[in-house]
Amino acid sequence: MGLVTPSEVTDHVEPHKGDQAMFWNRAMWQPACAWHHDVIKQKLELMFAKGEVAVADLWLDSAVAVRLTLVELPIDLGVGGGSKVQRPHSGTGCLVGHFLPQNS
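Conventions adopted
Residues numbered from 1 in each chain as written. Predicted model: local features only at pLDDT ≥ 70, side-chain atom pairs only at ≥ 80, totals over all residues. Heavy atoms only, no water. Phe/Tyr/Trp six-rings, centres within 6.5 Å; stacked < 30°, edge-to-face > 60°. Buried < 20%, exposed > 50% of the residue type's maximum accessible area, 1.4 Å probe, protein only. Helix = DSSP H or I, 4+ residues; strand = E, 2+ residues; numbered from the N terminus. Polar contact = N/O pair within 3.5 Å; in protein donor to acceptor, adjacent residues only side chain to side chain. Contact = heavy atoms within 4.5 Å.

Student: Help me understand the packing of aromatic side chains, please; the structure alone is not making it clear to me.
Tutor: The geometry of an aromatic ring pair is captured by the separation of the ring centres together with the interplanar angle, meaning the angle of the planes. Overall, the coordinates contain two aromatic pairs when judged by the stated rule. Between the aromatic rings of Phe23 and Trp24, the centroid separation amounts to 4.8 Å while the plane-to-plane angle is 75°, which identifies the pairing as edge-to-face. With a relative accessible area of 54%, Trp24 lands in the exposed category. Ring pairs connect the aromatic residues Phe23, Trp24 and Trp29, which therefore count as one cluster.

Spelled out as structure tokens, the structure:
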């Protein structure tokens, strides 16, 4: 279960590289927090450029993106003995989710 905050960025799923048709294709837009856009999406795009992932993996809710999020998320989820404590966005998650457990 993830925490939710308003979107800060409209991300183009596939890099448009100036192509106006791709830029305005709303079907390939996704909401993102700045942290997901600036950290996870940049890693995904680098992997895409190297041919390591497909366009479908560029969605921030893809299995690849979720795995990267869990690795890069700067907090301790209690599943690896880490000591990370700083949250990426003022103590909240974002629309695509960080899959953080909520206290019950």
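Student: Teacher, can you tell me more about the side chain of Asp11 here?
Tutor: Counting through the fold element by element, Asp11 comes out in strand 1 (residues 9–12). Asp11 sits in the buried class, given a relative accessible area of 2%. A distance of 2.6 Å separates polar atoms of two side chains, one belonging to Asp11 and the other to Lys41. Beyond its immediate sequence surroundings of up to four residues, Asp11 is in contact with Met28, Trp29, Gln30, His37, Lys41 and Glu45.

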